[in-house]
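One-letter residues, chain by chain:
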Amino acid sequence: MNNYIIGTCGHIDHGKTALIHALNGYEGDSTKEEKQRGITIDLSFSNLSKGEKNVAFIDVPGHEKLVKNMIAGAFSFDCVMIVVSAVEKIMPQTIEHLEILNLLGVKNAILTVTKKDLVDEETLKRNKEEIEEFIKKEYDFNLLFSKAVSIYDEASINELKEKLFTLDANTKIEENFFRYYVDRVFSSSGSGTIVTGTVLGKPLQKDDKVFICDIKKEAKVKNLQVHGENSEISNISNRTAINLSNVNTSDLKKGFLISKKGYLRGFDKIDISFKALKNKKLKHNQKYSIFIGTKKVEGRVLLYNSTEALELESGFAQLSLTEPIFSIYKEKIIIRQANDTIAGATVLNPIIDPMKKSQKIRLLESLENEEIEKAYRILLDAHKKGLGLVSSAQRFALSHEKALEYAKDLSEVFIDEESLVLYPIETKHLIKDTITNIYKKNQYALLSVASIALRLKWASENFIKLVMDELVNEKFLVQEGKLYKNSTIKEDFKQSLEKVILERLEKEDITPTAPYNIYDDLDIDRKMGDNILKALCAKKSVIRLQHNIFIHAQSLSRIVNEMRRIIKNDGYIDISNLKEKYPLSRKYLISYLDYLDNFSEIKKEENRRVLIS
């Protein structure tokens, strides 16, 4: 089905809600307060279908004090229906709504002149032309058509309906993952938690798992309703109610973002480009209300050009917010102060990186111009130890495949396609220096790629292997299976390593070091080290007490004999009297006491060990 969303805009009492009612019979002003005051207070949602065409309507409030509610609906418009009274023409809230929609990047527009029955034909024609001219001159809309109507003239309403069904107005570009801003939360008897909103990215299906970003919680889709009908799937631009399990209504709020796990990270600072409305400026370090999707959050605007001016009409800035938001590249923002709309903004850098101010400004310029390769270069300069592309959907609005395509056009870069990380090729020397220093310091070092990766946590195994293989080609190392040894060592030194480890355990006596620490000290691969300890245990030279306690057999024999003497002298042994003799950590004391349970003549009574009489 072809779906698109048409949102209303216009001044209070110009007939937006009445027009929607005339088109599809939906009563938008449903709350007690709305009926008492005779105005729309919150958003209302309805639709109109014909064959494979479905038009979803979002009716927004026109009152100046309710603009925040209007913004929450406007972000998902595919097309705006500009509703203007034939009597009053363009009014203040019409202008503010049009300014906000321009800032949000809404392009497609329809002009509907209402209340045509209240003016004569000549006045209607003149006023309609005047309104059209004003919109075309002042705003950047693609005006698809204009239509004068009266809710009391059924023919005009039917003609408008038919024109709406001729539109192909879905302007949303399918993103690389599912996104959905919550605009309402409620519970239903027998169903539980329900949220409503608009699907912005990939489709959502019944039984899918979703991730509620703001509270870092996973939930399951029990049911989907698209325009009041149960559905197995909801596509982009569908107004959708989601019945969620594993989450309470009280956990959720309007403005929360629902997505799939692993796609989005939240940041309380983001970088933007902005443009203020006519005769307005953004001021440096000033507090503003930030509107993104259906979310409103407070924050400060920090101008990047603040050394030159403390207020600007346009430029780059960082938003420092009171809570994290989960934004994506090129997402639109509205910046307001009290009841005044100040500027519109575009998210350029949704993932904050530590970098110099000069680097940051060059990065923002490249992102504003969609010069992705240039942005890669700047980020690589700031991330010498690797630029991850795992977040490419959020950072660049690119799939992993497309992000890698851009990377392959870069020179002097190592691309780890498996780990989705880019490295400046010059970084290779850091890995090379680390490896050569290990083997020069310890000629018996025996390491694998995985062992080096444990020491260089920023380097991927594929990048490390590239360097190890180069060292093999340079005759510095020799590869044996997955292990690399010094090329100057010709003999098999596994037995030498067994001797080294055994001597070390003998020296450490009853406080042996954990195996992985021994391996790291001796520069040997962990798997190799484990095999050596297994061999020593098989020879009964070493005894394993716990998963990370291996003790020399002679040391164990001595402490067992001492523990037997304690039992004979005190009548028992426990942690207290063992600690008096051997002031060791609890880890060792418990291990040695537990080892006594292997002897048939010793039994455990509560926390004590005693001889069986």
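Structural data are supplied above this passage.
Residues numbered from 1 in each chain as written. Predicted model: local features only at pLDDT ≥ 70, side-chain atom pairs only at ≥ 80, totals over all residues. Heavy atoms only, no water.

1. Structural notes on helix α11 (residues 428-441)
Counted at 1.5 Å a residue, the expected span for α11 with its 14 residues is 20 Å, and the 20 Å between its end C-alpha atoms agrees. Residues of α11 that are buried include every one of Ile 431, Ile 435, Thr 436, Ile 438 and Tyr 439, and no others. Seen from one end, α11 has its buried residues packed into an arc of 155°, which puts them on one side. Looking at α11, the residues exposed on the side facing more than 90 degrees away from the buried face are Lys 440 and Lys 441. Residues of α11 that are buried make contact with β27 (446-448), α12 (449-455), α13 (461-473), β28 (477-480) and β29 (483-486). (Helix = DSSP H or I, 4+ residues; strand = E, 2+ residues; numbered from the N terminus. Expected span 1.5 Å × (residues − 1). Buried < 20%, exposed > 50% of the residue type's maximum accessible area, 1.4 Å probe, protein only. Arc of directions from axis to C-beta. Contact = heavy atoms within 4.5 Å.)

2. Points about helix α14 (residues 494-508)
Taking 1.5 Å as the rise per residue, α14 with 15 residues should run 21 Å; its terminal C-alpha atoms sit 21 Å apart, in good agreement. Within α14, the full set of buried residues consists of Leu 497, Glu 498, Ile 501, Leu 505 and Glu 508. Looking down the long axis of α14, one finds its buried residues gathered within 105° of arc, a one-sided arrangement. Residues of α14 that are exposed and point more than 90 degrees away from the buried face comprise Gln 495, Lys 499 and Lys 507. Close packing links the buried residues of α14 with β27, α15 (515-522), α16 (526-538), β30 (542-546) and β31 (549-552). A positive phi of about 55° marks Asp 509, the residue just after α14.

3. Considering the packing of aromatic side chains
Here the structure, examined in full by the defined rule, presents 12 aromatic pairs. Aromatic pair Tyr 376 and Phe 396: ring centres 5.3 Å apart, planes at 65°, arrangement edge-to-face. One end of the pair, Tyr 376, is in helix α8 (residues 372-382); the other, Phe 396, is in the loop between α9 (392-395) and α10 (400-408), with 20 residues separating them in the sequence. For the pair Tyr 376 and Phe 396, a shared accessibility class is recorded, and that class is buried. An aromatic cluster is built from Phe 414, Tyr 423, Trp 458 and Phe 463, whose rings are joined through pairwise contacts. The lysine or arginine in question, Lys 163, covers the ring of Phe 145, its NZ or CZ lying 5.0 Å from the ring centre. Positioned above the aromatic ring of Tyr 516, the side-chain terminus of Arg 526 is 3.9 Å from the ring centre. (Phe/Tyr/Trp six-rings, centres within 6.5 Å; stacked < 30°, edge-to-face > 60°. Lys NZ or Arg CZ within 6 Å of the ring centre and 35° of its normal.)

4. Brief notes about the pairing of strand β4 (residues 79-85)
Look at any regular strand and the pattern is simple: side chains alternate between the two faces of the sheet. Most of β4 sits inside the fold, with 7 of its 7 residues counted as buried. Burial of β4 is two-sided: the residues Cys 79, Met 81, Val 83 and Ser 85 facing one way and the residues Val 80, Ile 82 and Val 84 facing the other way are all buried. Across 4 bridges, the pairing between strand β1 (residues 2-9) and β4 is parallel. Counterpart to Cys 9 in the pairing with β4 is Ile 82. Across 7 bridges, the pairing between β4 and strand β5 (residues 108-114) is parallel. Among the inter-strand pairings, Ile 82 is bridged to a residue of β5, identified as Leu 111. A crossover links β4 with its parallel partner β5, the connecting element being helix α4 (residues 92-103), and its sense is right-handed. (Pairing = 2+ DSSP bridges. Right-handed = clockwise from strand over helix to strand, strands pointing away.)

5. Notes on the sheet that holds strand β18 (residues 286-292)
Strand order in this closed barrel of 6 strands is β16-β21-β19-β18-β22-β23, and the pairing throughout is antiparallel. Geometrically, the sheet is characterised by an average inter-axis angle of 45° between neighbouring strands, direction not taken into account. One ladder, built from 6 bridges, connects strand β16 (residues 267-276) with strand β23 (residues 340-349); its direction is antiparallel. Looking at β23, one finds that Lys 275 is bridged to Gly 344. Across the sheet, α4 is in contact with β16, β22 (332-337) and β23; its angle to β23 comes to roughly 10°. (Axes fitted to C-alpha atoms, helices over the stretch in contact; angles between N-to-C directions.)

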